[in-house]
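# Report on the structure
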Amino acid sequence: MRLTKREFDDYLRPLLPEADLEIEPDRAFALAAFSFLTEPSDLLPQFLSEWLTPEALLDLVIDRADAQALAATLPAQALEAVEDKLGDGLGVIWGNALERWTPRLNRKSLLDSLAWMVSGASGLSQPHRLVFQGSDSYPLGLDDLNTHRPGVLWCIGQSRLLAAETALAVVGTRQASRYGSSVAADIAAVAAQAGVVTVSGGAYGIDAIVHQSAVQLEAPTIAFMAGGLGHLYPRGNLSMLHAIASAGLLVSEVAPFVTPAKWRFLMRNRLIAATAAATVVVEAGKTSGALNTGRTAVGLGREVAVVPGNIDSARSIGCHQFLNEFPGDVKLLARPQDVLKLLGAGVPDALTVKGLGALESRALDTFGLTAIEAWEVQRLAGLTTRETQIALGSLEMQGLVERLGTGYRRVLLEGG
Amino acid sequence: MALAKAFSIGLYGLSGTVIEIEADISAQLPAFVLVGLPDASLAEATSRVRAACSNIGHGLPSKKVVVNLSPASVPKSGAGFDLAIAVAVLAAMQVIDQPSVSGAVFLGELGLDGSVRAVPGVLPAVLAARNAGFERAYVPQANLSEARLVAGIDARGVTHLAKLVGHFRDGVGIEDGTVSAAAQDGISGLSGSQLDLAQVLGQDFAVEGLVVAAAGGHHLSLIGAPGSGKTMLAERLPTILPRLSVEQSLEVAAVESISSDGQAAIGLNLNPRFVAPHHSSSKASLIGGGSGAPRPGAVSRAHHGVLFLDEALEFSGTTLDGLREPLESGRVQVNRTGGYAIFPARFQLALAANPCPCGMLGVVGKDCRCSYPAIRRYVNRLSGPILDRIDIRLAIRPVSIATAAGLGASAVDSASAAQRVLLARKAAGERLAAHGVELNAHLPGPTLRKHFKPQPRVLRELDRMLAAGRASMRGYDRCLRLAWTLADLDGSISPKIEHVQAAVALRGTDDLAVA
């Protein structure tokens, strides 16, 4: 069942990000195989991975080994942990697992999926990559999911975005209002300006607005797909999803030809919540899936905020309820710019500027994220009128501040 | 003698032409005919002259009187020729002596009783007469003060046709000493105005900007929320501008003379004017023109002074576009089928506008209610060529905030600011004399870049800004001009880095609302 050297070179090596070329071929194949065999909700492979390598587990599955054979490979505390955490004896659990997995055990189908990725049959010219758990490219945040983390991520686009230090998830209803759409676009723009990767689900409504705004601003964005990459969904967003592949990244934890079934959406949400350092729910109805993402993020200890809406707006009810559900954990996003605070970034690195004169530094320190007038700069920095003019002129020449209306605002990224 | 002539001046715009008025009396069927391209109001002169002459006891003979206005090709208009026509006719009737009237020009409208009434444009007309070599001018008594502003010609005031006849027939002195006190010394307006920069609260940035604008002659825009005191500031710009020279003052008085109804006393007012046309003004009233004889507009009345357009973006687009020519050339040319009139219009433009239709755009702590397209439409009313000429853009602080913050009066008062402006202008004038301009603002871009480029070290950041596309070439020129003015104000020989930096903060942008 394991891959020959040649098969590895043909099917897997072309899919590895440059940073991950050192990965053990058998481990990679086994992880790919499990993403093919199991549903995203199936935590057993990751649960056992603490004591058993994926390739050893795969061998047991292929051999249709019985529970004793499995138990023989596990230490005693592993058996206790299984009873403890999974609630059943190893015999029952393993029996059920084999029943679920073996019908999908088909080497050729798996190789076909890999071949689909390698061949570029998707019609997309961007790099197709597999990012394995435990490799350098694997998002740090996903490890917080523990046994719920995916073993492999199927990617099209810039897989290096997964390693971004700060990502912001922006999610919300598919039936976005004009208000929700404009707020989502503003948030995406703030993130884009600060160089923060946005993460969402590629769906209609808020998701689409976030991705589209990022694409238009040529800023990085990641869309987590519920189905396989061969079943990009929703079809109505196809051209946008293609654009994401070139400006950002499309990711799925399931093999390319897995359909985007309903339960897979909920599982997909955990990836969005875990990948991002902060999650903003822009608009959500009472039962919106975006709340599921938000709750997962709260559970993971991520920063979470909701955008306030009208008290009588059906599309904001979910946000408001969510805010009350987790007092303290869920914050209210008062302004789009506040997402940067949420990320703990405060002021992104790009804002620390070296080599400024004393006047300029004093003036620049008075700037927050909103525009302020020259006389406010003067007051806050304690400069004379002339000194303020000199400082602002100098900062404007250097592209560190720009005019807005009658005032000035800080330029978050030079040239941005 | 049945043929006589007298001289008057025909004005077209501000330029005067000597009009020779010939009167011929011949034995034909009685008639009074006026020939030589008169307009309707001038054609009615026949009735006025006939009545006036008969009412002073020199009724026209029962013969044919032909009056010819020459050169016939020049269009003539208005009642100002009445007096000259009457004199020519009376000379033809040999009531008065032809040689005694030959060296003089006559200006004035006649009443039916023979009284001489004021007319507009006496100053430019007398100026033209003097330049044509006339020694004497007889003008309506009411206009004598302005006629006296012209040196080198003997101006006499006339109240009544009968007195003029008496003067020529009997050598009776025509009164020339009863000129009003204001016109006696010929100069007014030296007394201080009530307005002072010191009255402005909490607008240090704008006040500083005004001083720079005054020193360099830079056009400026004042952008701020409604009620922030834009007008208050602009009104005080003339208080820090240098006094007009006598020559400049005469140019202004000439414009005021032809735009007046002839009744207002025109004196030699050395104060720079502040002209603030309302935003509903027509193009003709702002720029000049109008039906009938071309008349100067607000831009010409603001000659050597300040033209303030409050709510500048509420003016119609075509009206604003009319500013392009005067901004470019310092004058307005009004073309008509019969010729063209040129009015001087070298003004300093100050325009005030809200940042957007609702006025709250970019005002910290306020919400703008305008849609993006609405803001674009609003700011686009000022076309690029006009924005290009606006060197300074001042943000005006809402005055309520200033007072609430307990901010004191401006540390700058008009007298000290005017002194700084004067010194800066002197320095600029000496430097620029070789290039035919007096003010930094009037320096053309190529000359500026060729002859007045500071050291590369000083310009390094500005060059980088240009290279990075954060400033246009025109914006670059604006910064350079402003930097020179700032250096002049500081008494620096050439701009330093700090002057360039402050210039960037002051400069106008290509977009009125947003950066």
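Residues numbered from 1 in each chain as written. Chains lettered and ligands numbered in written order. Predicted model: local features only at pLDDT ≥ 70, side-chain atom pairs only at ≥ 80, totals over all residues.

## Some thoughts on the overall build of chain A
Counting its secondary structure elements, chain A contains 18 helices and eleven strands. Across the 416 residues in chain A, those meeting the buried criterion constitute 49%. (Helix = DSSP H or I, 4+ residues; strand = E, 2+ residues; numbered from the N terminus. Buried ≥ 20, exposed ≤ 12 C-beta atoms within 10 Å, placed from the backbone.)

## Brief notes about the overall build of chain B
Secondary structure summary: chain B contains 23 helices and 20 strands in total. A fraction of 75% describes how many contacts in chain B between residues 6 or more apart in sequence connect residues 24 or more apart. (Contact = placed C-beta atoms within 7 Å.)

## A short note on the interface of chain B and chain A
Contacts between chain B and chain A engage 28 residues on the former and 23 residues on the latter. The element best represented in the side of chain B that touches chain A is helix α23 (residues 497-506) of chain B, accounting for seven residues. Tallied by class, the residues present in the side of chain B that touches chain A amount to 18 nonpolar, four polar and six charged. (Nonpolar A, V, L, I, M, F, W, Y, C, P; charged D, E, K, R; others polar.)

## What to know about the sheet that holds strand β19 (residues 348-353) of chain B
Residue and element names in this part refer to chain B. Across the sheet, which stays open at both edges, the five strands sit in the order β13-β16-β19-β11-β20 with parallel pairing between neighbours. The two strands at the open ends of the sheet, each matched to only one other strand, are β13 (274-275) and β20 (390-395). Bridge count for β13 against strand β16 (residues 306-309) is two bridges, and the pairing is parallel. Residue pairing in the sheet places Phe274 in a bridge with Val306 of β16. (Pairing = 2+ DSSP bridges.)

## Some thoughts on the nonpolar core
Core analysis: the largest hydrophobic core is formed by 181 residues, its most contacted members being Ile21, Ala86, Ala88, Val89, Val126, Ala137 and Val211 of chain B. In terms of residue count, the dominant contributor to this core is helix α3 (residues 82-92) of chain B (ten residues). Among the nonpolar cores identified, the runner-up in size contains 105 residues, and Leu31, Leu110, Ala208 and Leu232 of chain A belong to it. (Core = buried A, V, L, I, M, F, W, Y, C linked by C-beta atoms within 7 Å.)

## So, the confidence of the model for chain A
When pLDDT is averaged along chain A, the result is 88, and 96% of the positions lie at 70 or above. Below pLDDT 50 for its whole length, residues 345-352 of chain A participates in 15 contacts with residues either more than four positions away or in separate chains. (pLDDT = per-residue confidence, 0-100.)

## Section: the sheet that holds strand β1 (residues 128-132) of chain A
All names here are of chain A. Strand order across the open sheet formed by nine strands is β1-β2-β6-β5-β4-β3-β7-β8-β9, with mixed pairing between neighbours. Looking at the sheet topology across the chains shown, the edges are occupied by β1 and β9 (330-332). Neighbouring strand axes in the sheet, compared pairwise and without regard to direction, differ in orientation by 25° on average. Where helix α13 (residues 289-299) meets the sheet, it contacts β3 (167-171), β7 (278-281), β8 (303-306) and β9, and its direction lies at approximately 150° from that of β7. (Axes fitted to C-alpha atoms, helices over the stretch in contact; angles between N-to-C directions.)

## Description of the confidence of the model for chain B
Counting all residues, the mean pLDDT for chain B is 85, and 91% of those residues have values of 70 or more. This complex was scored by the predictor with a pTM of 0.62 and an ipTM of 0.77.

## Some points on unusual backbone geometry
The omega torsion across Tyr233 of chain A and Pro234 of chain A is -5°, close enough to zero to call that bond cis. As for its placement among the helices and strands, Pro234 of chain A is situated in the loop between β5 (221-225) and α11 (238-247). Cis peptide bonds are those with omega within 30 degrees of zero, and the linkage from Ser70 of chain B to Pro71 of chain B qualifies with 5°. The backbone of His304 of chain B sits at a positive phi, close to 60°, despite the residue not being glycine. Among the secondary structure elements, His304 of chain B is positioned in the loop between α13 (298-301) and β16.

## Description of the environment of Leu114 of chain A
Residues and elements named next belong to chain A. Mapped onto the secondary structure, Leu114 falls in helix α8 (residues 107-119). Given 25 C-beta atoms within 10 Å, Leu114 falls into the buried group. For the pair Leu114 and Pro256, spaced 142 residues apart in the sequence, the C-alpha separation amounts to 8.5 Å.

## Here we look at the packing of helix α10 (residues 206-216) of chain A against α11 of chain A
Residues and elements named next belong to chain A. Relative to each other, α10 and α11 sit at 45°, their axes nearing to 10 Å. With respect to each other, α10 and α11 are oriented oblique. The way α10 lies across α11 gives a crossing that is left-handed. Contact residues: α10 offers Ala208, His211, Gln212, Ala214 and Val215, while α11 offers Met240, Ala243, Ile244 and Ala247. In terms of residue class, the contact of α10 with α11 is made up of seven nonpolar, two polar and no charged. (Parallel < 35°, antiparallel > 145°, perpendicular 65-115°, else oblique. Left-handed = near helix turned anticlockwise from the far one by under 90°.)

## Points about the pairing of strand β6 (residues 249-252) of chain A
Residue and element names in this part refer to chain A. What you see with β6 is no split at all: Leu249 and Val251 on one side and Leu250 and Ser252 on the other are buried throughout. Sheet topology places strand β2 (residues 152-157) next to β6; four bridges connect them, and they run antiparallel. Of the residues in β6, the one forming a bridge with Trp154 is Ser252. With four bridges connecting them, β5 and β6 associate as parallel partners. Each residue of the ladder has a partner; that of Ile222, found in β6, is Leu249.

## Some points on the pairing of β7 of chain A
Side-chain direction in a regular strand flips from residue to residue, so the side chains alternate between the two faces of the sheet. Residue and element names in this part refer to chain A. Neither face of β7 is exposed, since Ala278 and Val280 on one face and Thr279 and Val281 on the opposite face are all buried. Where β3 meets β7, four bridges bridge the pair, whose relative direction is parallel. Bridge pairing in β7 places Leu168 opposite Ala278.

## What to know about the packing of helix α9 (residues 204-216) of chain B against helix α19 (residues 414-432) of chain B
Residues and elements named next belong to chain B. Where α9 contacts α19, the two axes come as close as 8 Å, and the packing angle between them is 40°. Note that α9 runs across α19; the crossing there is right-handed. Touching Val211, Ala214, Ala215 and Gly216 of α9 are Ala417, Arg420, Val421, Ala424, Arg425 and Ala428, all from α19. A class-by-class count of the residues in the contact of α9 with α19 yields seven nonpolar, one polar and two charged.

## Focus on α11 of chain A
Given 3.6 residues per helical turn, the α-helix brings residues three or four places apart onto the same face. Residues and elements named next belong to chain A. The set of residues buried in α11 consists of Leu241, Ile244 and Ala245. Looking straight down α11, one finds that the buried residues subtend no more than 100° of arc, so they occupy a single side. Looking at the buried side of α11, the elements it contacts are β2, α10, β5 and β6. (Arc of directions from axis to C-beta.)

## What to know about the environment of Gly491 of chain B
Residue and element names in this part refer to chain B. Note on placement: Gly491 falls in the loop between α22 (473-490) and α23. Judged by C-beta crowding, with 10 C-beta atoms within 10 Å, Gly491 ranks as exposed. Sequence-wise, Gly491 and Arg420 are 71 residues apart; in three dimensions their C-alpha atoms are separated by 9.6 Å.

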